[in-house]
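# Structure assessment
What follows is the residue order along each chain.
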Amino acid sequence: MFRPAFVLTVFALVTTVLMPVQWVAVVLKSPLRRRIPVLYHRFVCRLVGVRVRATGTPLDDRPLLIVANHSSWLDISIITSLAPVVFVAKSEIARWPCFGVLAKLQRTVFVERDRRHKTGKVNAQIAQRLAEGDPVLLFGEGTAGDGNRVLPFRTALIGAARDAIAAAGNERVWIQPLSIAYVSQQGIALGRHLRPRAAWYGKMKLTDHIGKIVRTGAVDVMVTWGDPIPYDGAIDRKVLARQLESAVRANTIAALRGPAAA
């Protein structure tokens, strides 16, 4: 019982201190608005017990769109600990206690999937983030999977990115695939049946899953940055989605079968 209480207390204290600082940084458009989330999520990973091993690096060139697989709430902290990304997420998250506020402070673009008439507004926000030099991250599957496989990427998300790129007035944008694979916990390989210890998907209760992660910790994750793809809007979105999906799937399989998972 000591570990959960300690983690919760430290998390609450640090979060309470940094939230107003980040709010001011966002309002003033200070460079700290990108730096603070990176440092904060590195702290969260360390506090919770997530050990991140990264292969490759995010591209320095801008505009940069990152497309990743998704299997856990931990993905947010893991990815942000490596790069100052802006996420594209479902609108429901904006209403979540605490996490909704944190998402807003990280300047997340919220998508209302059942209201297609608002697509233009969402694309305009993505375009603005890209134009300002922020790496924008999409979860290509559009939902969280079980961590054992990569689900088909949604071409609609790629289409929205294409529209946003056009709205930003850029002739070309870089799109980089990103793979996240949860390989072990407490030194034990997370095989197919144990993967839900790290993956959070379906109808799992978020609070219960967070509690289990906090109590056990020592989660090892492999993050693989794929080769960036130059995109000028001419490539068919279905072809591009399959290309990104294949790259992420190959890197995820390699990580799950590699030495780190042994």
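Everything that follows concerns the structure shown earlier in this document.
Below: a short report on this structure. (Residues numbered from 1 in each chain as written. Predicted model: local features only at pLDDT ≥ 70, side-chain atom pairs only at ≥ 80, totals over all residues. Heavy atoms only, no water.)

### With respect to the overall build of the chain
Of the regular secondary structure elements, the chain holds eight helices and nine strands. Relative to the 2.2 N^0.38 estimate, which gives 18 Å for 262 residues, the radius of gyration of the chain is 18 Å and therefore close to what a compact globule would have. Seen along its three principal axes, the alpha-carbon backbone of the chain occupies a region of about 55 × 45 × 35 Å. Every one of the 262 residues in the chain was classed for burial, and the buried ones make up 49%. In the chain, the proportion of contacts linking residues at least 24 apart, taken out of those at least 6 apart, comes to 76%. (Helix = DSSP H or I, 4+ residues; strand = E, 2+ residues; numbered from the N terminus. Rg over C-alpha atoms; globule rule 2.2 N^0.38 Å. Buried < 20%, exposed > 50% of the residue type's maximum accessible area, 1.4 Å probe, protein only. Contact = heavy atoms within 4.5 Å.)

### Some remarks on the pattern of salt bridges
All chains considered together, the criterion is met by five salt bridges. In this structure, arginine 107 and glutamate 132 form a salt bridge, with 3.9 Å as the shortest nitrogen-oxygen distance. Linking arginine 107 in the loop between α4 (99–105) and β4 (109–111) with glutamate 132 in the loop between α5 (119–131) and β5 (136–139), this pair joins segments that are 25 residues apart in sequence. Under the relative-accessibility criterion, arginine 107 is labelled buried at 9%. (Salt bridge = Lys/Arg side-chain N within 4 Å of Asp/Glu carboxyl O.)

### Some details on unusual backbone geometry
Proline 63 follows arginine 62 through a cis peptide bond whose omega is 0 degrees. Despite not being glycine, lysine 29 shows a phi value in the positive range, around 55 degrees. Along the polypeptide, lysine 29 turns up in the loop between α1 (2–27) and α2 (32–48). On the basis of relative accessibility, which here comes to 57%, the residue lysine 29 falls in the exposed class.

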